[in-house]
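Here's the letter readout for the chains.
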Amino acid sequence: MHKMGIRSIALVLIVLLAATSCSKKKRPTSLKPGKESSKTGLAYNGKDGFEVKQYKALPAGPDLVYIEGGRFTMGSLEEEVMSRRDNPKRTVSIQSFYMDQTEVANVHYLEYLNAVQKDSSEEFYAKALPDTAVWFNELSFNDSYVTMYLRHPGFRLYPVVGVSWVQANDYCAWRTDAVSNANNTAGIKAGSKKKGISFGKKKKAAQAEAVASAEAGPRLSIESGYVMPPYRLPTEAEFEYAAMAMIGTQYSDENQSNQRIYPWDGSTMRQPRGRKQGTMLANFKRGPGDYAGIAGKSNDGAIITQEIRSYPANDNGLYDMAGNVSEWVYDVYRPLSNSDVNDLNSFRRNGYQDEAKSYDKKNGNSMVDDNLRVYKGGSWSDVAYWLSPGTRRYMDQDSATAMVGFRCAMIATGSRK
């Protein structure tokens, strides 16, 4: 009886485990919604044409890093030595998103120019060209950079500069197209394989035609799962959140023992310990006339810009979120943004609240209008103050300098758990 009782209990446990396992398997998810609606019981992908296909989540786009969302204190955390008062502290929350691991480099922008030259008008190609004259200065001999910096192979992986906010947005649109075309091709191939289509000799012509159609014509629907979300410039809040990388200060719970002035711990600009102790953590200007320190000694190793990935990544795995070049963000500039914007996914768009007409630009008492865009991060030509993610500056969206570049961002779709 005793043995029979144990066997019975064991059998009951096995049945319960099996039932639990089956219920978990049947639970619908975004990636595996099941064969029928959990609300109506109607079959998916039936005669009515409503398609809800299971799919394997696409990998992140090239060079993109996943930034887990959360709350942080936006704004300047230092004493406001500049007395601008346009970045008061405020707690906001940011949805998870993707961001480029590095700034867009010369070779990446030349790839874009090559595509534009083939597929667009000469007028648009001319508008897409960076302003290499940003290097010229009557009182400096920077002439070599004017002709060499963008196109010489030695500068291939240096961040592109001389690009306006408008040009950066055009690059984002082209990159979306380029990556989406690649995914369209992959989607056609994957869909064909799932339907059991042979890619033997008799089918090669049909496959080539389908792929060509995907590349040149009709796009796959968003519902197909093969459409990549659009690339864009990060918002000011996203850039600041990603640069701070406060995930690196969170150990056992959501309490954070310290804030950060820069994208790393501490107030020093050098590696505090380890094999590279004393080396610079970013490319910046230490003071008047001091762009790199003394030759042969511990310094940032760069008079102007430096190759991407030359300095340590922050805790989000992002390079040069402080120094090297400042970077365009999506927001229009307003001095009251930190006070006005929503505390969820904060963003300042032009034409809404605190309008340009409220400022006295006509009489020279203000520079604010809807063409001013924010840039962040500090550059090779900036002192350490501007490397703090909370600082902010602005420039006309059609302007460009040798100190400002950009990187792209993208929404994160669905759950990663």
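Preceding this paragraph is the structure being described.
Residues numbered from 1 in each chain as written. Predicted model: local features only at pLDDT ≥ 70, side-chain atom pairs only at ≥ 80, totals over all residues. Heavy atoms only, no water.

## Section: the sheet that holds strand β9 (residues 409–411)
With antiparallel pairing, the three strands of this open sheet are ordered in space as β1-β4-β9. Two strands close off the open sheet at either side, each with one partner strand: β1 (64–67) and β9. Adjacent strand axes in the sheet meet at a mean angle of 25° when their direction is disregarded. Strand direction decides the pairing type here: strand β4 (residues 97–100) and β9, joined by three bridges, are antiparallel. Within the sheet, the bridge partner assigned to M99 lies in β9 and is A409. Contacting β1, β4 and β9, helix α7 (residues 236–244) crosses the sheet at an angle of about 75° to β4. (Pairing = 2+ DSSP bridges. Helix = DSSP H or I, 4+ residues; strand = E, 2+ residues; numbered from the N terminus. Axes fitted to C-alpha atoms, helices over the stretch in contact; angles between N-to-C directions. Contact = heavy atoms within 4.5 Å.)

## With respect to the packing of aromatic side chains
The description of two aromatic rings rests on the distance between their centres and on the angle between their planes. Applying the stated criterion across every chain, the model contains 22 aromatic pairs. Relative to Y112, the ring of Y109 lies with its centre 5.1 Å away and its plane at 70°, an arrangement referred to as edge-to-face. Placement of both Y109 and Y112 in helix α2 (residues 106–119) is noted, with a separation of three residues, approximately one turn of the helix. The class of Y109 is buried, set by a relative accessible area of 0%. With a relative accessible area of 2%, Y112 lands in the buried category. Considering the side-chain rings of W328 and Y375, the 6.2 Å spacing of their centres and the 75° angle between planes classify their relative orientation as edge-to-face. Here the residue W328 occupies a position in strand β5 (residues 326–332), and Y375 occupies one in strand β6 (residues 372–376), the gap between them amounting to 47 residues. Neither residue differs from the other here; W328 and Y375 are each classed as buried. (Phe/Tyr/Trp six-rings, centres within 6.5 Å; stacked < 30°, edge-to-face > 60°. Buried < 20%, exposed > 50% of the residue type's maximum accessible area, 1.4 Å probe, protein only.)

## Focus on unusual backbone geometry
We note that Q353 has phi near 55°; this positive angle belongs to a residue other than glycine. You can see Q353 is positioned in the loop between α8 (337–340) and β6. Here Q353 falls in the partly exposed class, since its relative accessible area comes to 40%. Unlike most non-glycine residues, D354 shows phi in positive territory, near 50°. Following the sequence through the fold, D354 ends up in the loop between α8 and β6.

## What about the sheet that holds strand β7 (residues 393–396)?
Taken together, four strands build an open sheet; the order of strands is β7-β6-β5-β8 and the sheet is mixed. Each edge of the sheet is formed by a strand with only one pairing partner; in this case those strands are β7 and β8 (404–405).

## A closer look at the pattern of salt bridges
Within this structure, the stated rule accounts for 18 salt bridges. Measuring nitrogen to oxygen at the nearest pair gives 2.9 Å for the salt bridge that ties K376 to E240. Here E240 lies in helix α7 and K376 lies in strand β6, a separation of 136 residues in the sequence. In this structure, R260 engages D265 in a salt bridge whose closest nitrogen and oxygen atoms are separated by 2.7 Å. The class of D265 is partly exposed, set by a relative accessible area of 37%. Each of D86, E236, E240, K376 and R392 takes part in one network of salt bridges that share partners. (Salt bridge = Lys/Arg side-chain N within 4 Å of Asp/Glu carboxyl O.)

## Here we look at the nonpolar core
Core analysis: the largest hydrophobic core is formed by 28 residues, its most contacted members being Y109, W328 and F406. Where this core is concerned, the elements lending two or more residues are α2, α3 (122–128) and α5 (165–194). With five residues, the single largest contributor to this core is α5. Other than its neighbours up to four places away in sequence, Y109 contacts V104, A128, P130, V160, V163, Q167, Y171 and F406. (Core = buried A, V, L, I, M, F, W, Y, C linked by side-chain atoms within 4.5 Å.)

## Some details on α2
Spanning 14 residues, α2 covers 20 Å between terminal C-alpha atoms, matching the ideal 20 Å at 1.5 Å per step. Along α2, the residues that are buried comprise N106, Y109, Y112, L113, A115 and V116. (Expected span 1.5 Å × (residues − 1).)

## Comments concerning the side chain of D320
Position of D320 relative to the elements: it lies in the loop between α7 and β5. Although buried, D320 forms no salt bridge, and the nearest oppositely charged side chain, R407, lies 5.8 Å from it. Residues contacting D320, with those up to four places away along its chain left out, are E103, E307, I308, R309, Y311, E327 and R407. (Lys, Arg positive; Asp, Glu negative; His and termini not counted.)

## Digging into the state of the cysteines
Put plainly, a disulfide is one covalent bond tying together the sulfur atoms of two cysteines. Evaluated as defined, the whole model comprises zero disulfides. Left without a disulfide partner, C172 is nearest to the cysteine sulfur of C408, which lies 3.6 Å away. Judged by its relative accessible area of 1%, C172 falls in the buried class. (Disulfide = S-S within 2.5 Å.)

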